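Residue-level structure breakdown
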Amino acid sequence: MSEESTDMTNVSESESVAETAVTDFGIDTTTLSTREALRDYVARLRGGEIGSLPAILGLIALVVFFSLLSDVFFSLNNIANLLAQGAGQTIIAIGIVFVLLIGEIDLSAGTASGVAGAVLAMHYVDNGNLLTGMGSTVFFVFNAMLALAAILAGLLRIWPGVAFSMLGILLTVLGLPANPWVEMLLAVCVGAAIGSITGFLIAKIGMPSFVVTLALFLAWQGVILQLIGEGGVLGISSSRVLDAVANGNLSTVGSWLLCVVAAGGYAAVTLGGHFLRRRRGLVTAPTPLVALKVSALSGFAIVVTALLTVNRSPSTFIVISGVPYVVPIVLVLLVAGTYVLTRTTYGRHIYAVGGNVEAARRAGINVTQLRASVFVISSACAAIGAIVYSSKVGSVDPQAGGLNTLLFAVGAAVIGGTSLFGGRGRVADAVIGGAVLAVVSNGLGLLRQPAAVVSIVTGLVLLLAATVDALSRRRVAMSGR
């Protein structure tokens, strides 16, 4: 055979291989039809990829159940109360999602939020003079802890942890007069510092997260007692700004503006991404299904806004209307967290570490830094949650951030669909799970059920969610997905 014939044969074989490759990967440049998309979704459900579907169905069932048994459940006042009631634990759960995604646990998030809340309240009550409020020894130890947190965060190159810890030292040493914005910033600084210490012990020293965070859960509980005193209470309700965080509402104009920004932004991002994928010939859901999803969520936002802008005050002399301030707070954290996890390299690395630590390490991911950083996020969110629930009750006591706060926060993330085994979950899961727990607590309260019943039902709901998670993972393993 001549060289020319051999070349022609090689070219033919190359073209054949190329055509085969195009055929094999043709689905990557094919838009699914509505029927194909639904069939694919059903197949994924059968394969164990159920996501937050059980939580959503459970939430709908609970809403229907309590609305049938209580005439008050769907009242305007109760709807607004529901949104504020579960906001604190939902915000803490948002931070815990990041920890769960890498297969770790943060049992200290509750009492870490309590420490942040105690420092916030003490700064307000003592007019910024923490030296007098804490005493010289405790004040020195407190600032030494912040300095240690900054050093440990610096060793791991977690620069937000360094910045917030140093800023916390600056705010405490300067002794600025009481100012709600300063106090809220100080609380977040304390949370980030706590997360830096926790993350270093777990990621750098190599201690199990369960042991470390359980030990810190007890330690931070002692710190709260030291700061507030056994039986003591620090009130913050006299501050209009701090009180309004969980108890105030947007104006009617502000409420509708929030609705337009939230619904319009979601529609723009979702539809824009959808049509961009179509133009590039990538696989995407059918346009009718995407439009239906956007329309449903936008319609829900419009209905809720319309209801909350109606005067819900029982008195003819007082007007209470508007979307509660906690709604935009949760929305901002939801959008920011979702963006970080889905649109950044950092977020993709979190999922990679949660899926397979060794594979992520071999791929060049700084696993130590990443594992430590998620605890900074968790504790910072816990501090924001402390601001909200302290505002809700108007004070901080030695039980702040106690056992129920932690369990409900972890429960919200798991109930919403975040896996306890790592690698699977979304920030939205925490919001959905938080809504489930808020509805359970609120509904049983309206039915005048004792605290024992509330705890039993909440525990059973969490147990059911963990069971569903375990079974779905087993199903995924069996289907080979």
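Okay, so let's go over this structure. Remember, predicted model here, so these are calculated numbers, not experimental data. (Residues numbered from 1 in each chain as written. Predicted model: local features only at pLDDT ≥ 70, side-chain atom pairs only at ≥ 80, totals over all residues. Heavy atoms only, no water.)

A look at the overall build of the protein chain
Tallying secondary structure elements over the protein chain gives 21 helices and two strands in all. For 481 residues, the compact-globule estimate of 2.2 N^0.38 gives 23 Å, and the protein chain sits close to it at 25 Å. For the protein chain, the share of sequence-separated contacts (at least 6 apart) that also reach a separation of at least 24 residues comes to 78%. A total accessible area of about 23,500 Å² is found for the protein chain, and carbon and sulfur atoms account for 67% of it. Each charge class in the protein chain can be summarised by its mean position, and for the 26 positive and 22 negative side chains these summaries are 7 Å apart. (Helix = DSSP H or I, 4+ residues; strand = E, 2+ residues; numbered from the N terminus. Rg over C-alpha atoms; globule rule 2.2 N^0.38 Å. Contact = heavy atoms within 4.5 Å. Areas by Shrake-Rupley, 256 points an atom, 1.4 Å probe, with all protein chains shown as cover. Lys, Arg positive; Asp, Glu negative; His and termini not counted. Charge placed at Lys NZ, Arg CZ, Asp CG, Glu CD.)

Let's talk about the environment of Ser298
You can see Ser298 is positioned in helix 14 (residues 287-308). Given a relative accessible area of 16%, Ser298 falls into the buried group. (Buried < 20%, exposed > 50% of the residue type's maximum accessible area, 1.4 Å probe, protein only.)

Quick word on the pattern of salt bridges
One pass over the full model with this rule turns up four salt bridges. Two residues, Glu358 and Arg362, come together in a salt bridge whose shortest N-O distance is 3.1 Å. Taken together, the residues Glu358 and Arg362, both in helix 17 (residues 357-362) and four residues apart, mark about one turn of the helix. The class for Glu358 is partly exposed, based on a relative accessible area of 36%. (Salt bridge = Lys/Arg side-chain N within 4 Å of Asp/Glu carboxyl O.)

Some details on the side chain of Thr90
Inspection of the secondary structure puts Thr90 in helix 5 (residues 87-101). Here Thr90 falls in the buried class, since its relative accessible area comes to 6%. Apart from residues no more than four positions distant in its own chain, Thr90 is found in contact with Ala430, Val431 and Gly434.

Observations concerning helix 6 (residues 109-125)
One full turn of an α-helix is made of 3.6 residues, so residues set three or four places apart face in the same direction. If you check helix 6, its first and last C-alpha atoms are 24 Å apart, about what 17 residues at 1.5 Å a residue would give, namely 24 Å. Most of helix 6 is tucked away, with 16 of its 17 residues classed as buried. (Expected span 1.5 Å × (residues − 1).)

A closer look at unusual backbone geometry
Even without a glycine there, the phi angle at Asn127 is positive, about 55 degrees. Assignment of secondary structure puts Asn127 in the loop between helix 6 and helix 7 (130-134). Positive phi values are uncommon outside glycine, yet Arg157 reaches one of about 60 degrees.

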